[in-house]
Amino acid sequence: MIDLQPVKGTRDFFPEEMRLRNWLFEVWRSVSVQSGFEEYDTCVLEHEDLYIRKAGDEISKQLFSFEDKSGRRLSLRPEMTPSLARLVLQHNKSLSFPIKWFSMPQCFRYERMTKGRRREHFQWNADIIGQPEMVAEAEILMLLISACESMGLTANEFQVFINDRRILNAILTQINVPVELHSTVLVILDKRDKISAKDLGEMLEDAGLSAKQVGQLNEFLSESDLNELKENLTDTTGIEQLQHLMELMDTAGYSGYLKFDISIVRGLSYYTGAVFEVNSPEKKHRAICGGGRYDSLLSTFGGETVPAVGFGFGDVVVLDVLQELNRFPELQKKLDYTIIPFASEQVGIALKIASELRMKGSVVDCNFSMKKMKKSMRQANESGAAKAILLFPEELSEDKVVIRDLQLHEQKPVKISDLIS
Ligand code: HAM
């Protein structure tokens, strides 16, 4: 007997779960289109080296990769951003920047399985490429806020926690950490919530920081007030940019959604500016969504520098959050009619009525199980259809069928020609 379970960390989607997934995708797609984003897609298979980065990103160690029969190193995509960068580089000359694109790829990461983390997930991505100003961040944040609200989350049930890598870089420069070490240090700092202060300190020292620098860094990272931080930093570009973004969001009518949080780093080494995540205000979950500005990713692939900002919003955590809040939508199977013949001679006419009704736009199913009346009616009720069309020989001999309203439990004979017109 083969193993009937899905591969560890992956999911099967039975029709009921598929209805929920389609609902979520529909929210993602409609808010994206409404904000002027265009959909794109790429293949789930990519060249492995698209994901290998010097800074030692966790994601590079979680690849599902293999060698194909021609010896190419390939990988299932763990995220969409490198594929997007590849597309933009391919058509750099013909694209009219800034572009606003979205996608809903399935991603694969060999993760240690914990709540909210699986080895496969769907991740809505929205990115603006070619806009260096903070207005791109504002548009991106407005988009993900509108998605949260369309899913039924209220303004006090979620929060955008935001920081800027330039603030973190300014801190590192001020305590004399060489620039070449910044990306590695930031990838380590992203683990701050997940490991002990002692382990974190050791990792930072292994990366090249002195014990004194680790102490100074911890002191800076205990600061939660942007203005206080501004007074103690020499390079305040990141702080000013973040304050500008917050003002833009206030003017756009989105005040209160953003909260400065110096602990937000995000684990991907390519972020260069704003970094943010969405969570419940008490940060009860893994991040519902994460993203930021990545102005140099394209140049690391050998292209010109093209400014970019975007986010990835997974399906797993947000569905956990909605379930906890009892906020799943009512999603019934939509079926207008179920057609029930009671003898094999009626199969042809059942198919014909189904076809004509479908051509008129109705959602129609046939029940060919040829059960007795009582059992057929039970199946009709379970089918979720609004009405049953019963094919009895007597009515059929007069070109009629019996239509039964399954909610009102009333039935009447109707001419077939009237039904399909
Ligand atoms: P990320 O922070 O690695 O970013 O992932 C973004 C989101 O994807 C997470 O907040 C979470 O919702 C979901 N996610 C990630 N890994 C898993 C997993 N193993 N199981 C379930 N959900 C998961 C990126 O991937 C960036 N490429 C996002 C981005 C787009 N940045 C700019 N543009």
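Before reading on, note that the structure itself is shown above.
Every value quoted in this text rests on a predicted model; they were computed, and no experiment measured them.

Each value, and the rule that gives it
- Numbering of residues starts from 1 in each chain and follows the order in which that chain's sequence is written.
- Note on the predicted model: pLDDT of at least 70 is required for a residue's local features to be given, and 80 or more for side-chain atom pairs to be given and counted; whole-chain, interface and lining totals, by contrast, use all residues.
- Calculation of side-chain values draws on the structure's entire complement of heavy atoms; hydrogens and water are dropped beforehand.
- When DSSP finds at least two bridges between two strands, those strands are taken to pair.
- For the purposes of this entry, the term helix denotes a DSSP run of H or I that reaches at least four residues, the term strand denotes a run of E that reaches at least two, and both are numbered from the N terminus.
- In this analysis an axis means a line fitted to C-alpha atoms, helices contributing only their contacting stretch, and an angle means the value between N-to-C directions, from 0 to 180 degrees.
- Residues count as neighbours in contact if any of their non-hydrogen atoms are within 4.5 Å of one another.
- Being near a molecule or strand, for a residue, comes down to having at least one heavy atom within 4 Å of it.
- Polar contacts, as used here, are pairs of N or O atoms within 3.5 Å; protein pairs need one atom able to donate a hydrogen and one able to accept it. Residues neighboring in sequence count only if both atoms are side-chain atoms.
- Reported accessibility uses the Shrake-Rupley method at a 1.4 Å probe radius. Residues are deemed covered only where the shown protein chains occlude them.
- Gly falls in the polar group here, along with every residue not listed as nonpolar (Ala, Val, Leu, Ile, Met, Phe, Trp, Tyr, Cys, Pro) or charged (Asp, Glu, Lys, Arg).
- The cut-offs for exposure are 20% and 50% of the maximum accessible area for each residue type, with area from a 1.4 Å probe on protein chains only; residues under the lower value are buried, those over the upper are exposed, and the others partly exposed.
- Handedness of a crossing follows from how the near helix is turned relative to the far one, being left-handed for an anticlockwise turn of less than a right angle and right-handed for a clockwise one.
- Each angle receives one of four descriptions, namely roughly parallel if under 35 degrees, roughly antiparallel if over 145, roughly perpendicular if within 65 to 115, and oblique otherwise.

Asker: Residue-level account of the sheet that holds strand 13 (residues 337–341), with values.
Answerer: Spatial ordering of the open sheet is given by 14-13-15-16-17, a layout of five strands whose pairing is mixed. Two strands close off the open sheet at either side, each with one partner strand: strand 14 (364–366) and strand 17 (410–415). The average undirected angle you get between the axes of adjacent strands in this sheet is 25 degrees. Lying over the sheet, helix 12 (residues 347–359) contacts strand 13, strand 14, strand 15 (387–391) and strand 16 (400–405), oriented at roughly 170 degrees with respect to strand 14. Here helix 13 (residues 373–383) sits on the sheet and contacts strand 13, strand 15 and strand 16; the angle it forms with strand 13, its principal contact strand, is near 165 degrees.

Asker: For the site of the ligand, give the residues involved together with the corresponding values.
Answerer: Taken together, 25 residues are adjacent to the ligand, and Glu-79, Thr-81, Asp-127, Arg-266 and Tyr-271 come closest. Between Arg-109 and the ligand, the recorded distance is 2.9 Å, taken from a side-chain N or O atom to an oxygen atom. The contact in question runs from an oxygen atom of the ligand to an N or O atom on the backbone of Gly-290, over 3.5 Å. For the ligand, the accessible surface in isolation is 660 Å², of which the surrounding protein chains cover 97%. Taken together, the residues that form the shell around the ligand break down as nine nonpolar, nine polar and seven charged.

Asker: Account for the side chain of Glu-120, with residues named and values stated.
Answerer: Looking at the secondary structure, you find Glu-120 in strand 7 (residues 120–129). Of note is the side chain of Glu-120, whose polar atom sits 2.7 Å from the side chain of Arg-11. Among the polar contacts made by the side chain of Glu-120, one reaches the side chain of Gln-106 at a distance of 3.2 Å.

Asker: Please set out unusual backbone geometry residue by residue, giving values where relevant.
Answerer: Note the cis peptide between Phe-97 and Pro-98, where omega equals 0 degrees. Assignment of secondary structure puts Pro-98 in the loop between helix 2 (81–90) and strand 5 (99–103). Here the phi dihedral of Asn-176 falls at roughly 65 degrees; this positive angle occurs in a residue that is not glycine. By the element assignment, Asn-176 lies in the loop between helix 4 (165–174) and helix 5 (179–189). Phi at Arg-266 takes a positive value of approximately 65 degrees, unusual for a residue other than glycine. Since its relative accessible area comes to 19%, Arg-266 is described here as buried.

Asker: Before we move on, could you go through the pairing of strand 7 and cite the residues and values that matter?
Answerer: For strand 7, the buried fraction is high: ten of the ten residues fall into the buried class. Both faces of strand 7 are covered, namely the face carrying Glu-120, Phe-122, Trp-124, Ala-126 and Ile-128 and the face carrying His-121, Gln-123, Asn-125, Asp-127 and Ile-129. Two strands pair when backbone bridges link them, and strand 5 and strand 7 are joined in this way by five bridges, in the antiparallel orientation. The residue bridging Trp-101 from the neighbouring strand is Asp-127, located in strand 7. Where strand 6 (residues 106–108) lies against strand 7, three bridges are found, and the strand directions are antiparallel. Looking across to strand 7, one finds that Cys-107 is bridged to His-121.

Asker: Describe the packing of helix 4 against helix 5, listing the residues and the values that go with them.
Answerer: Where helix 4 meets helix 5, the closest approach of the two axes is 10 Å, and the angle between their N-to-C directions is 115 degrees. In the crossing of helix 4 with helix 5, the sense of the turn from one axis to the other is right-handed. Across the interface between the two elements, Arg-165, Leu-168, Asn-169, Leu-172 and Thr-173 from helix 4 touch His-182, Val-185 and Leu-186 from helix 5.

Asker: Mind laying out the environment of Gln-174, listing which residues take part and the relevant values?
Answerer: Inspection of the secondary structure assignment puts Gln-174 in helix 4. On the accessibility criterion, Gln-174 (29% relative accessible area) is partly exposed. Taking the C-alpha atoms as reference, Gln-174 lies 20 Å from Ser-269; in sequence the two are 95 residues apart.

Asker: Summarise helix 5; cite the residues concerned and give the values.
Answerer: Those residues of helix 5 that sit buried are Leu-181, His-182, Val-185, Leu-186, Val-187, Ile-188 and Leu-189. Close packing links the buried residues of helix 5 with helix 4, helix 6 (197–207) and helix 7 (211–221).

Asker: How would you summarise the sheet that holds strand 3 (residues 65–67) if you had to cite specific residues and measurements?
Answerer: Taken in spatial order, the three strands of this open sheet run 2-4-3, and their pairing is antiparallel. Two strands bound the open sheet, and with one partner strand each, they are strand 2 (45–47) and strand 3. The average angle at which neighbouring strand axes cross in this sheet is 35 degrees, direction not considered. The sheet contact formed by strand 2 and strand 4 (residues 73–76) spans three bridges and is antiparallel. In the sheet register, Leu-45 faces strand 4, and the bridge partner there is Leu-76.

Asker: Summarise the packing of helix 6 against helix 7; cite the residues concerned and give the values.
Answerer: With their axes 9 Å apart at the nearest point, helix 6 and helix 7 run at an angle of 125 degrees to one another. Taken together, helix 6 and helix 7 sit at an angle that is classed as oblique. In the crossing of helix 6 with helix 7, the sense of the turn from one axis to the other is right-handed. Mapping the contact onto sequence places Gly-201, Leu-204 and Glu-205 in helix 6 and Ala-211, Val-214 and Leu-217 in helix 7. Within the contact of helix 6 with helix 7, the residues separate by chemical class into four nonpolar, one polar and one charged.

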